[in-house]
Amino acid sequence: MPTARKPAALRAHDHERCIEDALAAASELCRTQGARLTPMRRRVLEILWQSHKPLGAYAVLDILAAEGRRPMPPTVYRALDFLLAHGLAHRIPSLNAFIGCSAPGAHRDGQYLICRNCGTVAELTDTGLATELGRTAHGHGFAIESVLTEAVGLCPACAGTGVDAA
Ligand SMILES: [Zn+2]
Ligand SMILES: [Zn+2]
């Protein structure tokens with residue numbers, strides 16, 4: 001059974017480690033790509049990593065404003081664009097919100113498990129699903145360039161609390 005590498009978002013864990021690891025991975029990736037992780041870009045990434053729940057651009061702005069920075073919206077959008085372009089964050093279309101990438105630079109296609117109760121999003125980096133779809137599409141003469149999968153349901157924490165019965 002593929003029980004290894006269960007996404008951190010779906011189990012109890014030390015989230016401070018998630019944040020530290022994500023920022024360290026971002027620094028390293030930017031260094032190898034010759035990209036600049038400016039203080040604003042870094043802080044926006046850190047904000048996205050506050051939890052495993054995606055944030056909209058305006059939520060990010062609000063947090064920065066509460067810190068007394070209040071940047072102009074384009075500044076935040078540019079920071080988010082940078083994070084997206086370098087694979088450090090992803091945009092989840094159905095939520096119009098952003099999450100930090102759990103494996104920056106290691107994958108191209110996004111597979112997200114979205115909890116409809118608490119809003120937690122877990123990212124899967126299993127390429128088997130995309131490979132299978134690619135094979136089927138290829139059989140129809142279609143060349144897939146990217147696949148984005150959004151699965152909605154209940155995370156283990158929410159499924160265990162019987163929210164369905166409420
Ligand atoms: Zn975490
Ligand atoms: Zn949940």
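So, a few notes on the structure that sits alongside this text. Everything quoted here is computed from the prediction, not taken from an experiment. (Residues numbered from 1 in each chain as written. Chains lettered and ligands numbered in written order. Predicted model: local features only at pLDDT ≥ 70, side-chain atom pairs only at ≥ 80, totals over all residues. Heavy atoms only, no water.)

Some points on the pattern of salt bridges
According to the stated counting rule, one finds five salt bridges in the structure shown. For R31, the salt bridge goes to E28, with nearest N and O atoms at 3.0 Å. Of this pair, R31 and E28 are both found in helix α1 (residues 15-33), three residues apart, which corresponds to roughly one turn of the helix. A relative accessible area of 60% means that R31 is categorised as exposed. For R135, the salt bridge identified is with E132, shortest N-O distance 3.3 Å. Placement of the pair is R135 and E132 together in helix α5 (residues 128-139), with a separation of three residues, close to one helical turn. The exposed category is assigned to R135, whose relative accessible area is 55%. Residue E132 is classed as partly exposed on the basis of its relative accessible area of 44%. (Salt bridge = Lys/Arg side-chain N within 4 Å of Asp/Glu carboxyl O. Helix = DSSP H or I, 4+ residues; strand = E, 2+ residues; numbered from the N terminus. Buried < 20%, exposed > 50% of the residue type's maximum accessible area, 1.4 Å probe, protein only.)

Some words on helix α4 (residues 73-85)
Between the first and last C-alpha of α4 there are 18 Å, a value that for 13 residues agrees with the 18 Å anticipated at 1.5 Å per step. Taken residue by residue, α4 has V76, A79, L80, F82 and L83 as its buried positions. In an axial view of α4, the angular spread of the buried residues amounts to 155°, which keeps them on one side of the axis. Along α4, the residues that are exposed and aim more than 90 degrees away from the buried face are R78 and A85. Here the buried face of α4 lies against α1, α2 (39-48), α3 (57-66), β1 (89-92) and β2 (97-100). At the exit of α4 stands G87, carrying a positive phi of roughly 70°. (Expected span 1.5 Å × (residues − 1). Arc of directions from axis to C-beta. Contact = heavy atoms within 4.5 Å.)

Quick word on the coordination of the zinc ion (ligand 2)
When four donors bind a metal tetrahedrally, each ideal donor-metal-donor angle is 109.5 degrees, and when six bind octahedrally, the ideal angles are 90 or 180 degrees. Distances from the zinc ion (ligand 2) to its protein donors, C115 (SG), C118 (SG), C155 (SG) and C158 (SG), fall within 2.2 to 2.4 Å. Here the zinc ion (ligand 2) is ringed by four donor atoms whose angles at the metal span 104 to 114°, and the overall shape comes out tetrahedral. The motif formed by the donor residues of the zinc ion (ligand 2), counted along the single chain, is C-x2-C-x36-C-x2-C. Here C158 lies in helix α6 (residues 156-159) and C115 lies in strand β3 (residues 110-115), a separation of 43 residues in the sequence. (Donors = N, O, S within 2.8 Å, 3.2 Å for Na, K, Ca; no water. Tetrahedral: all angles 85-135°; square planar, octahedral: opposite > 155°, others 65-115°.)

So, the coordination of the zinc ion (ligand 1)
Around the zinc ion (ligand 1), the protein supplies H13 (NE2), H15 (ND1), C18 (SG) and H52 (NE2) as donor atoms, at distances of 2.0 to 2.3 Å. One way to put it: the four donor atoms around the zinc ion (ligand 1) meet at angles of 100 to 119°, and that makes the site tetrahedral. Taken in sequence order, the residues that donate to the zinc ion (ligand 1) follow the motif H-x1-H-x2-C-x33-H. Of the two residues, H15 is situated in helix α1 and H52 in the loop between α2 and α3; the sequence distance between them amounts to 37 residues. A relative accessible area of 17% means that H15 is categorised as buried.

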